[in-house]
Amino acid sequence: MTSLRKKKNEYLIIGKCRKVFLDAAGEDASNPPNVSTVANTMEPSPTTSDPPAVTEPTISAGDVGNTDSVTEAAPRDATAAPSAAAETSTSANSASEAIEIAVTDLPAFVDAAVAEGLTPLICDPGNNKVVDTFFSYGGMGAVVLDAKKMGMDKTMRKTPVPNILEVARTKVVRAMRSGSTLVISMQQAAVDMIGTFNGETTLPIELFNNSGAGFVNAPSMSGDGDIVLNERTDMIFRPEDTVETAGIVMCRQGFQVVVTSHFQSEDLDSYLFSGEYGLPTRDKFKVIKIRSDDSED
């Protein structure tokens, strides 16, 4: 009986939250997206009481990408964010200061961060993991790259790093070709992106610069414009990735990079911005914290 009651409560939580997620994603709640088409299935996450999984900073010469900045090849489609997002963003003392928002405001604040030239880093330490659910249902057209799984594949399954990066590359290309949001899902793990999981032909570290804007070289799916040569983008694509575009490499406008984490925002410096492993420097990111009452039962 206890097990049945617990399962019923889980379904109630999903039912309660799904309308919020779909409304924020611009979807019809009566016609939700087919979960089988979602970009990536998230692995179960540890509870917030578990210690963070830290991926050791093992550096392979063939895997570390060039850290030079990328020049933006084409302008990004920019939609003016609501005034509330703009005002909150402007009031922050620095780019690295965390702002706290409701989950329903997430798309607006992501847009505002990108407009500032920063990469959104969304902290959702609550029990319900509403941000994971939002993106797994295709919120903001997300293609989800499970960074926690990358770390587990290396440390637990002993998968070679080049193989892990090749799988990640296919997600990057998928998001680029469709002009979608690439969500790098860290979950409760300090995944070593700066020392281990990057490569200029697979998962460039420059993706964290300006939310990946420097790789955009083509108009959106519905827009007009020229395709600009971008050698950095060309390096990520393989011939089979351009079969449908007559051999032309396209990273469409609308492509952007978002990072998500289950850590508390005040713990980011210890686990993700240590300087020895994790993510690039904090000044490249806009930290967005989901309000606790949106993440709890």
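In what follows, the accompanying structure is described. (Residues numbered from 1 in each chain as written. Predicted model: local features only at pLDDT ≥ 70, side-chain atom pairs only at ≥ 80, totals over all residues. Heavy atoms only, no water.)

1. Focus on the overall build of the protein
Part 1 of the reasoning: Looking only at helices and strands, one finds nine helices and eight strands in the protein.
Part 2 of the reasoning: For the protein, with 297 residues in total, the buried portion stands at 48%.
Part 3 of the reasoning: Partitioning the intrachain contacts of the protein with sequence separation of at least 6 by distance along the chain shows that 82% fall at a separation of at least 24.
Part 4 of the reasoning: Here the protein displays about 14000 Å² of accessible surface, and carbon together with sulfur accounts for 51% of that area. (Helix = DSSP H or I, 4+ residues; strand = E, 2+ residues; numbered from the N terminus. Buried < 20%, exposed > 50% of the residue type's maximum accessible area, 1.4 Å probe, protein only. Contact = heavy atoms within 4.5 Å. Areas by Shrake-Rupley, 256 points an atom, 1.4 Å probe, with all protein chains shown as cover.)

2. Here we look at the sheet that holds strand S5 (residues 181–187)
Part 1 of the reasoning: Ordered in space as S2-S8-S3-S7-S5-S4, the six strands form an open sheet in which the pairing is parallel. With partners counted over all chains shown, the strands left at the sheet margins are strand S2 (99–101) and strand S4 (142–146), one partner each. Each strand of the sheet is rotated relative to its neighbour by a mean of 30°, with strand direction disregarded.
Part 2 of the reasoning: In terms of strand pairing, strand S3 (residues 119–123) meets strand S7 (residues 256–261) through three bridges, oriented parallel. By the bridge assignment, cysteine 123 is partnered in S7 with serine 261. (Pairing = 2+ DSSP bridges. Axes fitted to C-alpha atoms, helices over the stretch in contact; angles between N-to-C directions.)

3. Remarks on unusual backbone geometry
Note: most residues except glycine have negative phi, and most peptide bonds are trans.
Part 1 of the reasoning: Phi is positive for lysine 129, close to 50°, though the residue is something other than glycine.
Part 2 of the reasoning: Mapped onto the elements of the fold, lysine 129 is located in the loop between S3 and helix H4 (130–136).
Part 3 of the reasoning: Of note, methionine 140 is a non-glycine position whose phi angle comes to about 60°, a positive value.
Part 4 of the reasoning: Assignment of secondary structure puts methionine 140 in the loop between H4 and S4.

4. What about the pairing of S7?
Two faces, one strand: in a regular strand the side chains alternate between the faces of the sheet.
Part 1 of the reasoning: By the criterion of burial, S7 is predominantly enclosed, with six of the six residues buried.
Part 2 of the reasoning: Of the two faces of S7, the one holding Gln256, Val258 and Thr260 and the one holding Val257, Val259 and Ser261 are both buried throughout.
Part 3 of the reasoning: The pairing of S5 with S7 spans six bridges and is classified as parallel. Counterpart to isoleucine 184 in the pairing with S7 is valine 259.

5. Here's the deal with the packing of aromatic side chains
Part 1 of the reasoning: Tallying each qualifying case throughout the model produces four aromatic pairs.
Part 2 of the reasoning: On the numbers, 4.8 Å between centres and 25° between planes, the contact of phenylalanine 263 with tyrosine 271 is stacked.
Part 3 of the reasoning: For phenylalanine 263, a relative accessible area of 4% puts it in the buried group.
Part 4 of the reasoning: Classification of tyrosine 271 by relative accessible area gives partly exposed; the value is 26%.
Part 5 of the reasoning: Between the aromatic rings of phenylalanine 273 and phenylalanine 285, the centroid separation amounts to 5.5 Å while the plane-to-plane angle is 50°, which identifies the pairing as tilted. One end of the pair, phenylalanine 273, is in the loop between helix H8 (268–271) and strand S8 (285–290); the other, phenylalanine 285, is in strand S8, and 12 residues separate them in sequence.
Part 6 of the reasoning: Here the aromatic cluster, defined as three or more aromatic residues joined through ring pairs, consists of Phe208, Phe273 and Phe285. (Phe/Tyr/Trp six-rings, centres within 6.5 Å; stacked < 30°, edge-to-face > 60°.)

6. Focus: helix H6 (residues 161–178)
Part 1 of the reasoning: The terminal C-alpha atoms of H6 lie 26 Å apart, and with 18 residues this matches the ideal 26 Å at 1.5 Å per residue to within 8%.
Part 2 of the reasoning: Residues of H6 that are buried: Val161, Ile164, Leu165, Ala168, Arg169, Lys171, Val172, Val173, Ala175 and Met176.
Part 3 of the reasoning: Its buried side turned inward, H6 meets S4, helix H5 (147–155), S5 and helix H7 (231–236).
Part 4 of the reasoning: Note on H6: the residue one or two positions beyond its end, glycine 179, has a positive phi of about 65°. (Expected span 1.5 Å × (residues − 1).)

7. What to know about the nonpolar core
Nonpolar side chains in soluble globular proteins tend to end up buried together.
Part 1 of the reasoning: Met176, Leu182, Ile184, Met186, Leu203, Phe255 and Leu279 are the most contacted members of the largest nonpolar core, which has 43 residues in total.
Part 2 of the reasoning: Counting residues in hydrophobic clusters, the runner-up holds 19 residues, among them Val114, Val131, Ile288 and Ile290. (Core = buried A, V, L, I, M, F, W, Y, C linked by side-chain atoms within 4.5 Å.)

8. As for the pattern of salt bridges
Part 1 of the reasoning: Tallying each qualifying case throughout the model produces eight salt bridges.
Part 2 of the reasoning: Aspartate 153 serves as the salt-bridge partner of arginine 157, at 2.6 Å between the closest nitrogen and oxygen.
Part 3 of the reasoning: Residue classification places aspartate 153 among the buried residues on the basis of a relative accessible area of 10%.
Part 4 of the reasoning: Measuring nitrogen to oxygen at the nearest pair gives 2.7 Å for the salt bridge that ties arginine 169 to aspartate 241. Taken together, the residues span a long stretch of sequence, with arginine 169 in helix H6 and aspartate 241 in the loop between H7 and S7 at a distance of 72 residues. With respect to class, arginine 169 is no different from aspartate 241; both count as buried. (Salt bridge = Lys/Arg side-chain N within 4 Å of Asp/Glu carboxyl O.)

9. Here's the deal with the packing of H5 against H6
Part 1 of the reasoning: Closest axis-to-axis distance for the H5/H6 pair is 10 Å, and the angle between their directions is 160°. Relative to H6, the element H5 lies roughly antiparallel. Note that H5 runs across H6; the crossing there is right-handed. Contacts between H5 and H6 pair Met150, Asp153 and Lys154 from the former with Val161, Ile164, Leu165 and Ala168 from the latter.
Part 2 of the reasoning: The residue inventory of the contact of H5 with H6, partitioned by class, reads five nonpolar, no polar and two charged. (Parallel < 35°, antiparallel > 145°, perpendicular 65-115°, else oblique. Left-handed = near helix turned anticlockwise from the far one by under 90°. Nonpolar A, V, L, I, M, F, W, Y, C, P; charged D, E, K, R; others polar.)

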